[in-house]
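Chains, contacts and geometry: an overview
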Amino acid sequence: MKNLKQKLKFRITILLIFINFTAFSQSNIDSLTTLLNISISKKSADTTIASLYVKLYKATFNTQPMDAVQHAANALQIYTQINDSNGIALTQRYIGDNYYQRGVYNFAMDSYNKSYEIFFKINNKEQTAYSQIKIGQTYMSQKLDSFSLETFNKALKIFIEIKSQKGISFVYDNIAKVKMLDYNFPECYQYLDSSLNIRKKLGDKKLIALSYENFGNACIYEEDYEKAGEYLKKALENYMLEKNQIKIADTYFGLGEIYFFEEKADSAIENYNKALLIFTKKRHLDNIAEIQIRLGEIALSNKEYKEAMKFAVEAKNTSILNDFKEIRLDAYKLLVDIFEAKNNIKQALNYLHSYELLRDTIIADLQNRQSAELQVNLATQKKEQEIQILQKNEQIQKAIIEKKAAEQKLFIIGLLTLAIILVVFIILGFYLIKTNKRVKKANKLLVEKNEEINQQKEEIQIQKNNIEEKNQKITSSLTYAGRMQRAMLPKITEIRKKLPESFVMLSPKEAVSGDFFWHAVTKDNLGNEKIIITAVDCTGHGVPGAFMSMLADAYLNQIVYQEKIFSPDEILHKLHDGIYHALQQDKSLNTDGMDISLCVIDIKNKIMEYAGAKNPLFYIQNNEQFLIKGDTISIGGFVKKERVYVKQTVDISKTTHFYIYSDGFQDQFGGNDNKKYMAKRFRDFLFEIHNLPMNEQAVMLATELDDWKDKKEQMDDIIVIGVKL
C-alpha cells in the first residue's frame, strides 16, 4: 500500500504540468515517415518538410522520446535556415518539453528560455506567457518555489493584459500545484476553484474535465480519497461528453487505484474492468498489463490463487512480447507472492531469480539510456552550433576584408608598441633583480601563513558542516511540525459546507505559523444553529506561535463543545482564563498571548455577533464600509486587569461581506519606498475587490501581497478570512 501511495503521488506531480500529445499508433508513425521521405525526395517546400518533422515529434513524444527530439532538431534546422522566428520558437519549446519529460531540467530550461526570448522579440505576447509557464514549471520541478511563483505571476500579468481567460486558468493551475507541493491546501483549492470558474464561463468541457481531474489529484496528495473519488467522477462525466476514450479509460484506472488503496475490492475491480475494455479496443498493451497485475493482486488477497495466476501469467506474457520491462518486473513479483502463498517454495525461488536478473537488466538499461541521451544532447547542441556558424558566415567574410585593410595600420602600431615594451622591460629587469631577494623572503612568509590559514579553513569547514547538518535536522523537524499543525486546522472544504461563499488566505512566515483559523458548527439551547469562525494571531511566529495556536485550538474546542458557551464575549473571557492559568502567568510573568476576531453567525435569525481582542471586524453592506474595532486588551498576559470584552451585533438580513484578519498583511513592508502597507490601504483594497467571487478575492489578495513585497522578506504570519452572507 505504501508503494501505491508513492505511485499515486508521483503520478499527480506530472498531471498538473503536461497535457501530453494525442497517442499515435505505429501505423500512423510509419505513414508520417513515408510521407516525409516522399516530400524530401520530391524537394517539397521547406515549411512542408518542417511541419512533417513536427508531426513526427508529436507522434513519438510519449513512446519514442529519443527519436522525437531528433525530429524536433531537424525541424529546428529548417526553420532556422528559412528564418521562420515563430517556427524556431515553437520547436525550441517542443525540445524543452522532451528534455523536461526525461528530467533533463538544465537543457529544458535552456530551450524554454530561447523560446521565450524569440516570442518576446517578435511581440507574440500570448506565446511569451506560455513559455514563461514552462520556465516556471521547470523551476517548480527543481523545488525553486519562489522563482516559479515569480515567473507564473509574470505570465499572469500578460494574460490579464491580453484578456486571455484560458491562459489565466492555466497559470492558476500551476500556482495551485506549487501550493499543493507545499501542503498549503486552502490556497491550492482556491486557485483551482478560480481556474474551474473561468472554464465554466468559457464552456470548455475538456478544460472543465481537466480542472476536476486536478482537484482529484490534489485531494489524493492530501490523502482525502473520498473527495478525490468525487472529483474524478465529475471529470469522467465531462470526458464522456467529449467522447475522449483514452481520458475516460485513464480516469476509470485512477478510480480503480483509489478504491484499491481504500481496500474496496469490488469497486476497484469494476473500474479496472471498464478501463480494461477501452484499453483493449485501443490496444494500449502497457495499460492492459498494468490492470491485469492489479486484478491479480486483488485475487491473491482474496486467496483466489487460480484467478491470480491467470492475470499474472497474461501480464507476464504481454510484457515479454512487447518488452515492457518494468511491468514484467511487477508480474514476476506477483508470481513470487502467489507461489509463496501456495507454499510452492521452488517456483517462488525460480521467479525471484527471474525478478532479480530483470531488475539488474533494467538498471543497466537505464545507465545505457543515460549515455545515449547524453550523446543525443551533444549532437543536438552540435547542430545548433553548426546553424549559428552558417548564420555568421557572411559576417565572418566581411570581417576578413576589414581585417586585411586594418592589418597594415596595426603593423605600424605594433612596431612602435614593441619598441616601447623593450625599453620598459630593460628598466623592469634592473628593478626585478634588485627586488628578487625581498620577494623570496616574502614568499617564505606567505607559505607559512597560507599553511596556517589552510588549517584554520579546515577547522571552519568542519564547524560549517556540523552547523549545516544541525540546520537540516531543524528544518526537517519544522517542516514536519508544519504538516502536523496544518492537519490540526479545519479544512476549507468543511467551512464551505456552511459558508459556501468564503475564503481563507493563510500565509505563514516560516514552516509553522502563529496565525490560524478555527471553525465550529453547533446548536444553542433553543436549537438554533450557530456558526462560529475566528482568525487568531498568536504571539510571535514560528515555533512559539505554533505552540500557542495548538493551545488556543484545544481551549476553543473545550469552551464551545464541552462547556456549551456560544456568546463571543464570554468565549474570549474563558479563553483568556484558560491561557492565563495554563501558562501560570501570575507566577511566571509570561506575556505570551494572542489577538483575535471571533464571529458567531445565526443564519435563521439573521444576526451576527462579534467580539475582538485588538483585531477588528470589517464588513460591507449596500456598498458602504463599516469597521468595528476590537477591545484593546489581548488574550493572555500577566497584567492584573479585569478582562472585559464587548459583544457587538450586526444585522445580516441584507447582503453582507465581512472580513476578519491579523495585522500581518497591513504591516508588511514593500512598495517603492519600502513602507508598511497600512490598515486603511488594506481596507480600501478589500472594498475594491469585494464584488468579485470570494475565491477570486483570495487570488487577488495573494497577488497584491506578492507585488507589494516583491523580493523583500515577509515580516509576519498573515491570515485573512472573507465571507459573503
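Our subject is the structure listed above.
The following refers to the structure shown. Just so you know, these numbers come straight off a predicted model, no measurement behind them. (Residues numbered from 1 in each chain as written. Predicted model: local features only at pLDDT ≥ 70, side-chain atom pairs only at ≥ 80, totals over all residues. Heavy atoms only, no water.)

We now examine the packing of helix α14 (residues 265-282) against helix α15 (residues 285-301). Look at α14 against α15: their axes get within 10 Å of each other, and the N-to-C directions meet at 160°. One finds that α14 runs roughly antiparallel with respect to α15. Between α14 and α15 lies a crossing whose hand is left-handed. Contacts from Ala 265, Ala 268, Ile 269, Tyr 272, Asn 273, Ala 275, Leu 276, Phe 279 and Thr 280 in α14 reach Asn 287, Ile 288, Ile 291, Arg 294, Leu 295 and Ile 298 in α15. (Axes fitted to C-alpha atoms, helices over the stretch in contact; angles between N-to-C directions. Helix = DSSP H or I, 4+ residues; strand = E, 2+ residues; numbered from the N terminus. Parallel < 35°, antiparallel > 145°, perpendicular 65-115°, else oblique. Left-handed = near helix turned anticlockwise from the far one by under 90°. Contact = heavy atoms within 4.5 Å.)

To continue, consider the pattern of salt bridges. In this structure the tally under the stated criterion is 27 salt bridges. Across the pair Lys 530 and Asp 602 runs a salt bridge, and its minimum N-O distance is 3.4 Å. In this pair, Lys 530 sits in strand β3 (residues 529-538) while Asp 602 sits in strand β4 (residues 593-602), placing the two residues 72 residues apart along the sequence. A salt bridge links Lys 574 to Glu 563; the shortest N-O distance between them is 3.6 Å. With Lys 574 in helix α21 (residues 568-582) and Glu 563 in the loop between α20 (542-562) and α21, this pair connects stretches of sequence that are 11 residues apart. (Salt bridge = Lys/Arg side-chain N within 4 Å of Asp/Glu carboxyl O.)

Taken together, the side chains of Ile 345, Leu 349 and Leu 352 define a hydrophobic patch exposed on the protein surface, amounting to about 250 Å² of accessible area. With respect to the secondary-structure elements, Leu 349 resides in helix α18 (residues 345-488). (Patch = residues over 30% accessible without salt bridge, like charges linked within 9 Å, V, L, I, M, F, W, Y side chains within 5 Å. Areas by Shrake-Rupley, 256 points an atom, 1.4 Å probe, with all protein chains shown as cover.)

This model, assessed by the stated rule, comprises 23 aromatic pairs. One aromatic cluster in this structure is built from Tyr 183, Phe 185, Tyr 189, Phe 215, Tyr 221 and Tyr 231. Between Lys 310 and the ring centre of Phe 311, over which it is positioned, the NZ or CZ distance is 4.8 Å. The ring of Tyr 677 carries Arg 681 above its face, with NZ or CZ at 5.1 Å from the centroid. (Phe/Tyr/Trp six-rings, centres within 6.5 Å; stacked < 30°, edge-to-face > 60°. Lys NZ or Arg CZ within 6 Å of the ring centre and 35° of its normal.)

Let us look at the nonpolar core. With 119 residues, the main nonpolar core has Leu 575, Ile 579, Met 594, Leu 617, Ile 635, Phe 658 and Ile 721 as its most contacted residues. With 10 residues, the top contributor of residues to this core is helix α11 (residues 205-221). Apart from the residues within four sequence positions on either side, Leu 617 is in contact with Cys 599, Met 608, Tyr 610, Phe 626, Leu 627, Ile 628, Val 650, Phe 658, Tyr 659 and Ile 660. Counting residues in hydrophobic clusters, the runner-up holds 29 residues, among them Leu 36, Ala 50, Tyr 94 and Tyr 99. (Core = buried A, V, L, I, M, F, W, Y, C linked by side-chain atoms within 4.5 Å. Buried < 20%, exposed > 50% of the residue type's maximum accessible area, 1.4 Å probe, protein only.)

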